[in-house]
Amino acid sequence: MAKVKRQTYTLNMYLEKMRDLDIRSDADVQRLSGQWNNAMTNELIVSVLNGDYIPPVILGQEENSQMWIIDGLQRSTAFIMFRYGNYKVTSSVEEPIISYRAKVRDADGEVKIDGAGDIVWEGREFDIRRKGFGQLPEELQKTFNEYQLDCIIHENYSMERISRLVRRFNFSKAMNVSQKAFTFVDRYARKIREILKRGFFIEAKYTKADRKNGSLERVIMESVMCMFHLDNWKKSSQIGAYLNENASMEEFDALEDCIARLENVVTEGLYSAFTAKNSFLWFALFHKFTKLGMDDRRFADFLCAFQNGLDEKEINGKAFDEIDQERSTKDKTVIMEKLDFLETLMLEYLGIPKPEPEIDLEDALGFVRENIDPFAAKEDIEQYAEVLDSLLEKSDCGEKLLKAENKLSLVGIVAYSFKNDIDLDDWIVDYCSRNDGYISGQKENYEHMKKDLQQFIKGADAAHTDAA
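Once a new chain begins, its residue numbering starts again from 1 and follows that chain's sequence as written. Note on the predicted model: pLDDT of at least 70 is required for a residue's local features to be given, and 80 or more for side-chain atom pairs to be given and counted; whole-chain, interface and lining totals, by contrast, use all residues. Side-chain numbers come from the whole structure's heavy atoms, not from hydrogens or water.

Novice: What is the right way to look at the pattern of salt bridges in this model?
Specialist: Close approach of charged atoms allows side chains with opposite charge to pair. Salt bridges, as used here, are contacts in which a Lys or Arg side-chain nitrogen is within 4 Å of a carboxyl oxygen on Asp or Glu. In this structure the tally under the stated criterion is 26 salt bridges. The salt bridge partner of Glu-155 is Lys-3, with a shortest N-O separation of 3.8 Å. Residue Glu-155 is located in strand S7 (residues 148-155), and its partner Lys-3 is located in strand S1 (residues 3-10); the two are separated by 152 residues in the primary sequence. Ionic pairing is found between Arg-434 and Asp-430, a salt bridge with its closest N-O pair at 2.8 Å. On the criterion of helical spacing, the pair formed by Arg-434 and Asp-430 is a turn pair, its members being four residues apart in helix H19 (residues 425-434). Burial classes: relative accessible area under 20% of the type maximum marks a residue as buried, over 50% as exposed, and values in between as partly exposed (1.4 Å probe, protein chains only). When its relative accessible area of 43% is taken as the criterion, Arg-434 is described as partly exposed. The network of salt bridges with common partners includes Lys-191, Arg-198, Asp-253, Glu-256 and Glu-263. Think of it this way: any DSSP run of H or I at least four residues long counts as a helix, any run of E at least two long counts as a strand, and we number them from the N terminus.

In structure tokens:
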């Protein structure tokens, strides 16, 4: 008679049973092993070494006592790779430092005993990055081997019934990119969910899928990113981790305030503009609008005009929807171009002249092409200028550094940061605190700043390594 029982093995015993084929991983309909990426394997190993919970492995056992893995194949093969193979935890592991207790030994290797006859213990830490099982301290190897792995065994099952269970236990759906990114923003996750309870998100025309697949949580993260961290824009997979470290509760409060004001002026027909794809752009644009000192109903007027044909107006030979066609819709350059397009359109509709950039775009374009990127376009320079303005707002640069004659080299260092994917926020603050002047030759000044930036990055990397 078929029955189900729970059996707990040490991890070492479980893996030995796999090696001896008492437990087999090749059930008739089981998918192949190797479906996991390094990040998944890393986290599984960290869970074991920290003694964290791992869901039970589901096994099917035939009448002849042969056991087959029904659910848990990827975990099992990952354990095998680490314990007996050549797998090493990669450097991208999220929590690389493992704390453990070890017996204190004297110079002869003997365990120390205190005056009361008790073993002397001490706390230690071990960095598991680029380490395989054989490189772990003896204590952590023991922790791995002795980890208690629960197994649920379906006894006296035929292969047909085992196949049916494989199908049943693999009906689950993995987290998508948005849902996984949300798990990294734990400092603000509760705040994000509170914002999503507002009436705006009840009235807006988001789909049922948007409301359950993490799209709305992504909208909130993208909005804060676009409003306050546009120069460091991250795509969906990285956005949660970035905001967790760099955002503030005040920024989320500012977004909620914008949404609260929009609730008072956005009518039913206007909600259709707020899609999961573009909502963050409208929130960021309204944030810019609030600085104009106008009645919020004027923004609603613009939104209405946009929906009724203004969206087809061309700026620099392109309409709004055409911007997406050249590159990925979530590339930083596309986001900046879209937001600039909407701001230009809005200011024109409101009859407000757009401030002229302090930088001569033609001169800056020539400087960047000559010294940083020969393929730079005028639109790139406009974006670099916007980023530069944002950076200078966050720093305390002296008047000499801010002179118009010095803007070419400043735009150049922003172009360099774009080309090499470098975050300038911390460096610009540090640089301005140490400098209140510049070399009149802009190429020479650019090279001076680039060298300073490179040294700053090396120092930051060294400090991070020492701390680890």
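Novice: Any chance you could explain unusual backbone geometry here in plain terms?
Specialist: Backbone geometry at Leu-21 places phi at a positive 65°, although glycine is not the residue there. Tracing the sequence through the fold places Leu-21 in the loop between helix H1 (11-19) and strand S2 (23-24). Relative accessible area serves as the criterion here: at 52%, Leu-21 is assigned to the exposed category. Of note in the backbone geometry, Asn-156 takes a positive phi value of approximately 60° without being a glycine. With respect to the element layout, Asn-156 can be found in the loop between S7 and helix H5 (159-169). A relative accessible area of 31% places Asn-156 in the partly exposed class.

Note that all results are geometric; they support no functional claim without further evidence.
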